[in-house]
Amino acid sequence: LCVFLPSPAVTSPCKILKCNSEFWAATSGSHHLGAEEAPEFCTALRAYAHCTRRTARTCRGDLAYHSAVHGIDDLMVQHNCSKDGPTSQPRLRTLPPGDSQERSDSPEICHYEKSFHKHSATPNYTHCGLFGDPHLRTFTDTFQTCKVQGAWPLIDNNYLNVQVTNTPVLPGSSATATSKLTIIFKSFQECVDQKVYQAEMDELPAAFADGSKNGGDKHGANSLKITEKVSGQHIEIQAKYIGTTIVVRQVGRYLTFAVRMPEEVVNAVEDRDSQGLYLCLRGCPLNQQIDFQTIHSAQATEGRTRRKGPSLPAPPEAFTYETATAKCREKLPVEDLYFQSCVFDLLTTGDVNFMLAAYYAFEDVKMLHSNKEKLHLYERTRELAPGNMAPTGTHPTLWVALLCLSWLCLL
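These notes cover the structure that comes with them. Every value quoted in this text rests on a predicted model; they were computed, and no experiment measured them. (Residues numbered from 1 in each chain as written. Predicted model: local features only at pLDDT ≥ 70, side-chain atom pairs only at ≥ 80, totals over all residues. Heavy atoms only, no water.)

Observations regarding the pairing of strand 5 (residues 160-168)
For strand 5, the buried fraction is high: eight of the nine residues fall into the buried class. Examined bridge by bridge, strand 4 (residues 150-156) and strand 5 share six bridges and lie antiparallel to one another. Bridging from a neighbouring strand, W152 pairs with V164 of strand 5. Where strand 4 hands over to strand 5, the hairpin turn is made up of three residues, counted between the paired strands. (Buried < 20%, exposed > 50% of the residue type's maximum accessible area, 1.4 Å probe, protein only. Helix = DSSP H or I, 4+ residues; strand = E, 2+ residues; numbered from the N terminus. Pairing = 2+ DSSP bridges.)

As structure tokens, then:
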């Protein structure tokens, strides 16, 4: 199944996630309906089908779209629904007691700590996060600022795949941010069916692509569950069968990603030596990393670059170094790499929401990282050639170079 194909730089206008969410909201718990209420379910199905037809032209090749279309046809047959009839949305429903979405705890095999570690110590957990323009904290606590425009795999192991798509923040700018996220949980024993979660700008569903909120029809389905923390802004996915917690947020127009995962799961790959990209484990490729050691040359070329061609539109709010640092200190009082990333993003984008993205990224680290002594990072890390050293702290020359780079990104 080829799901990690390069995506267009511009966010897809396919709105299948909206169709899925509307159908789920309209029919939650409806498989418990009596026969006399079947027409209401058919009405919702027709509305669902109508929604998919409206977005068909823009959803070619979209896995979730084709899955929805086939699913609608199957449900139409199962419930003897006519394709002709009303399509108005039925009233919203709440889940009745005992619904499959709220089953009792899963079998032991579907609880990672119980099944894998009966006679050993608690597993070591690691953290990976992606936020802002974009900044990556890997499972090994390496911190990188990357370009990575287009589609890139964050995680690719035996249990799940995560892919992000990053698009330019401003026309002609090298500043990018995450506009789309796809998470695939692979089928696992008697615990969960394969589930796909997709989010994009202004679409942060509280359900998987098929409308469900757990791992499907298997006995241990409740070991995979989505919880909506803040509508349209913050969801959390618990995958107990692999001891994993995922947090996805929309901050402003863009998405952030954070995960807590056992080392055993992180390293569960068939052939590590021949495996391709896996950004959370291996970091960004060298040619995609922004190396601040080379930024000093930007000062000499800044004037020449700014004189080339017509000027592009100004960002929503122009920050100076002083105003950017003052703004970031409001939420990030410790001048670590999250603080530096905040300043960098305000200078390169002019969008104050990037300050909130850095703040929430650090809040997620506090919740998900198992080693509380490693919450703050102060050294920007990159694989450098022998003899090179990454700059540390908040050395003044770093900020001069940072300010120069921000002008280059805007131009």
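On we go from here.
Thoughts on the state of the cysteines
Taken as a whole and judged by the stated rule, the model has seven disulfides. The disulfide bridge from C19 ends at C51, spanning 2.0 Å between sulfur atoms. Measuring the twist about the S-S bond at about -80 degrees, one finds the C19-C51 disulfide to be left-handed. Taken as a pair, C19 in helix 1 (residues 16-27) and C51 in helix 2 (residues 38-54) lie far apart in primary sequence, 32 residues in all. Judged by its relative accessible area of 2%, C19 falls in the buried class. Here C51 falls in the buried class, since its relative accessible area comes to 7%. Linked covalently through their sulfurs, C42 and C81 form a disulfide whose S-S length is 2.0 Å. Residues C42 and C81 are joined by a disulfide whose S-S torsion is about -75 degrees; by sign, that bridge is left-handed. Separated by 39 residues along the polypeptide, C42 in helix 2 and C81 in the loop between helix 3 (63-78) and helix 4 (112-116) bring together distant segments of the chain. The pair formed by C42 and C81 is uniform in burial state, with each residue classed as buried. (Disulfide = S-S within 2.5 Å.)

Examining the packing of aromatic side chains
Scanning the entire structure with this criterion turns up nine aromatic pairs. On the numbers, 6.0 Å between centres and 80 degrees between planes, the contact of F185 with F208 is edge-to-face. Linking F185 in strand 6 (residues 176-185) with F208 in the loop between strand 7 (195-200) and strand 8 (224-230), this pair joins segments that are 23 residues apart in sequence. The burial state of F185 is the same as that of F208; both residues are buried. When the ring centre of Y125 is taken as reference, the NZ or CZ atom of R260 above it lies at 3.7 Å. Positioned above the aromatic ring of Y359 is the side chain of K331, whose terminal nitrogen or guanidinium carbon lies 4.7 Å from the ring centre. (Phe/Tyr/Trp six-rings, centres within 6.5 Å; stacked < 30°, edge-to-face > 60°. Lys NZ or Arg CZ within 6 Å of the ring centre and 35° of its normal.)

Comments concerning the sheet that holds strand 4
What holds strands together in a sheet is hydrogen bonding between their backbones, with the strands either parallel or antiparallel. A sheet is described by the order of its strands in space; here four strands give the open sequence 4-5-6-7, paired in antiparallel fashion. Each edge of the open sheet is held by one strand with a lone partner, namely strand 4 and strand 7. On average, adjacent strands in this sheet sit at an angle of 20 degrees to one another, irrespective of strand direction. (Axes fitted to C-alpha atoms, helices over the stretch in contact; angles between N-to-C directions.)

Quick notes on the nonpolar core
Core analysis: the biggest nonpolar cluster contains 48 residues, and L154, I155, L160, I183, F185, Y241 and F257 have the highest contact counts within it. Of all the elements, strand 11 (residues 254-262) adds the most residues to this core, at four residues. Judged by nonpolar contacts, the second largest core, of 21 residues, contains C19, A44, C51 and C59. (Core = buried A, V, L, I, M, F, W, Y, C linked by side-chain atoms within 4.5 Å.)

Observations concerning the packing of helix 9 (residues 337-349) against helix 10 (residues 353-368)
Direction vectors running N to C along helix 9 and helix 10 enclose 160 degrees, while the axes themselves pass 8 Å from each other. The orientation of helix 9 relative to helix 10 falls into the category roughly antiparallel. Considering the relative orientation of helix 9 and helix 10, their crossing is right-handed. Between helix 9 and helix 10, the contacting residues are Y338, C342, D345, L346 and T349 on the first element and F354, M355, A358, A361, F362 and V365 on the second. Taken together, the residues of the contact of helix 9 with helix 10 break down into nine nonpolar, one polar and one charged. (Parallel < 35°, antiparallel > 145°, perpendicular 65-115°, else oblique. Left-handed = near helix turned anticlockwise from the far one by under 90°. Contact = heavy atoms within 4.5 Å. Nonpolar A, V, L, I, M, F, W, Y, C, P; charged D, E, K, R; others polar.)

Quick look at helix 8 (residues 321-329)
The periodicity of an α-helix, 3.6 residues per turn, causes residues three or four positions apart to be oriented the same way. Within helix 8, burial applies to A324, T325 and C328. Down the axis, helix 8 shows its buried residues gathered within 95 degrees of arc, on one side only. On its buried face, helix 8 sits against helix 9 and helix 10. (Arc of directions from axis to C-beta.)

With respect to the pairing of strand 8
The pairing of strand 8 with strand 9 (residues 234-239) spans six bridges and is antiparallel. Paired with K225 across the two strands is Q238, which belongs to strand 9. Linking strand 8 back to strand 9 in an antiparallel pair, the connection comprises three residues, with G232 at a positive phi of about 75 degrees.

As for the sheet that holds strand 9
Read from one edge to the other, the open sheet built from seven strands follows the order 3-2-1-11-10-9-8, with strand pairing classed as antiparallel. Two strands lie at the open edges of the sheet, namely strand 3 (143-145) and strand 8, each paired on one side alone. For this sheet the average axis-to-axis angle between neighbouring strands, irrespective of direction, equals 10 degrees. Where strand 10 (residues 244-251) meets strand 11, seven bridges bridge the pair, whose relative direction is antiparallel. Each bridged residue has a counterpart across the sheet, and for I246 the counterpart in strand 11 is V259.

Here we look at the packing of helix 8 against helix 9
For the pair helix 8 and helix 9, the least separation of the axes is 9 Å and the interaxial angle reads 135 degrees. As judged from the angle between their axes, helix 8 and helix 9 are oblique. Classified by chirality, the crossing of helix 9 by helix 8 is right-handed. From helix 8, Y321, A324, T325, K327, C328 and R329 reach across to helix 9, where they touch F339, C342, V343, L346 and L347. Counted by class, the contact of helix 8 with helix 9 contains eight nonpolar, one polar and two charged residues.

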